[in-house]
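Each chain, written out:
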Amino acid sequence: MPDFYAQLLEWRRNENSSHGLSKIAHNFYAATAAYLEETRRAYETELRSDPSSARGELARRTFERAVQAARDIVEARARKVVQLALSASIGASADLPNSLSEDRALFDRVLATLR
């Protein structure tokens, strides 16, 4: 299995290329939060030890890019879930293939608000 950063990039590519929710790991939100926290700590450690080192710069870029990739995935999924909830509020199916529990909770809240 590729490292988590590479997996994030693949999930972002898949999410952006599909109209519906793409298939991602069932623990995406928790695993991504843990990865970002770990990456942030590594970056801060490098920054404290030698602020001008190449390793510190690499850690900073990795953290920033990972945060952006995760944000892109979450925003794309949220946008799709809201669009599906809007459609469901006017009579379309309330089926959410490839949704995670967090996606379903957002869908249910938005649908309840729209109704």
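Since the model is a prediction, treat every value here as computed from it, not as a measurement.

## Digging into the packing of aromatic side chains
For the coordinates displayed, the defined rule picks out 5 aromatic pairs. Ring geometry for Y43 versus F63: centroids 6.1 Å apart, planes at 15°, classification stacked. Taken together, the residues Y43 in helix α2 (residues 28-49) and F63 in helix α3 (residues 54-89) connect sequence positions 20 residues apart. The structure contains a cluster of three or more aromatic residues connected by ring pairs, namely F4, W11, F28, Y29 and Y35.

## Some thoughts on the pattern of salt bridges
Applying the stated criterion across every chain yields a total of 12 salt bridges. Between D72 and R12 there is a salt bridge whose closest N-O contact spans 3.0 Å. A residue pair is termed long-range when its members are at least 10 positions apart, and D72 in helix α3 and R12 in helix α1 (residues 4-17) qualify at 60 residues. One salt bridge in this structure joins R77 and E15, with 2.8 Å as the shortest N-O distance. Highlighted residues: R77 in helix α3 and E15 in helix α1, separated in sequence by 62 residues. Across the pair, exposure class does not vary: R77 and E15 are buried alike. A single salt-bridge network, built from bridges that share partners, covers E15, R77, K80 and D103.

## A short note on the nonpolar core
If you look at the biggest cluster of nonpolar residues, it comprises 14 residues, and the most contacted ones within it are F4, L8, W11, F28, Y35 and A66. Of all elements in the fold, only α1, α2 and α3 reach the threshold of two or more residues within this core. Grouped together as the second largest cluster of nonpolar side chains are 8 residues, L21, V81, A88 and F107 included.

## Brief notes about the confidence of the model for the protein
With 98% of its residues at a pLDDT of 70 or more, the protein has an overall mean of 93. The element-level mean pLDDT for the protein is lowest in α2, coming to 93, with α1 highest at 96.

## What to know about unusual backbone geometry
Its identity as a non-glycine residue notwithstanding, N98 has a phi of 65°, on the positive side. Along the chain, N98 turns up in the loop between α3 and α4 (101-114).

## Brief notes about the environment of V67
By the element assignment, V67 lies in helix α3. Classification of V67 by relative accessible area gives partly exposed; the value is 22%. Separated by 28 residues in sequence, V67 and T39 place their C-alpha atoms 9.5 Å apart.

## Observations regarding the packing of α1 against α2
The angle between the axes and the distance between the axes are what describe a pair of packed helices. Across the interface, α1 lies against α2 with an axial gap of 11 Å and an inter-helix angle of 135°. Compared by their axis directions, α1 and α2 come out oblique. Note on packing geometry: the crossing formed by α1 with α2 is left-handed. For the pair α1 and α2, the contacting residues are F4, Y5, L8 and W11 in the first and F28, A31, T32 and Y35 in the second. Classifying every residue of the contact of α1 with α2 by side-chain character gives 7 nonpolar, 1 polar and no charged.

Parameters at a glance
- Residues numbered from 1 in each chain as written.
- Predicted model: local features only at pLDDT ≥ 70, side-chain atom pairs only at ≥ 80, totals over all residues.
- Heavy atoms only, no water.
- Phe/Tyr/Trp six-rings, centres within 6.5 Å; stacked < 30°, edge-to-face > 60°.
- Helix = DSSP H or I, 4+ residues; strand = E, 2+ residues; numbered from the N terminus.
- Salt bridge = Lys/Arg side-chain N within 4 Å of Asp/Glu carboxyl O.
- Buried < 20%, exposed > 50% of the residue type's maximum accessible area, 1.4 Å probe, protein only.
- Core = buried A, V, L, I, M, F, W, Y, C linked by side-chain atoms within 4.5 Å.
- pLDDT = per-residue confidence, 0-100.
- Axes fitted to C-alpha atoms, helices over the stretch in contact; angles between N-to-C directions.
- Parallel < 35°, antiparallel > 145°, perpendicular 65-115°, else oblique.
- Left-handed = near helix turned anticlockwise from the far one by under 90°.
- Contact = heavy atoms within 4.5 Å.
- Nonpolar A, V, L, I, M, F, W, Y, C, P; charged D, E, K, R; others polar.

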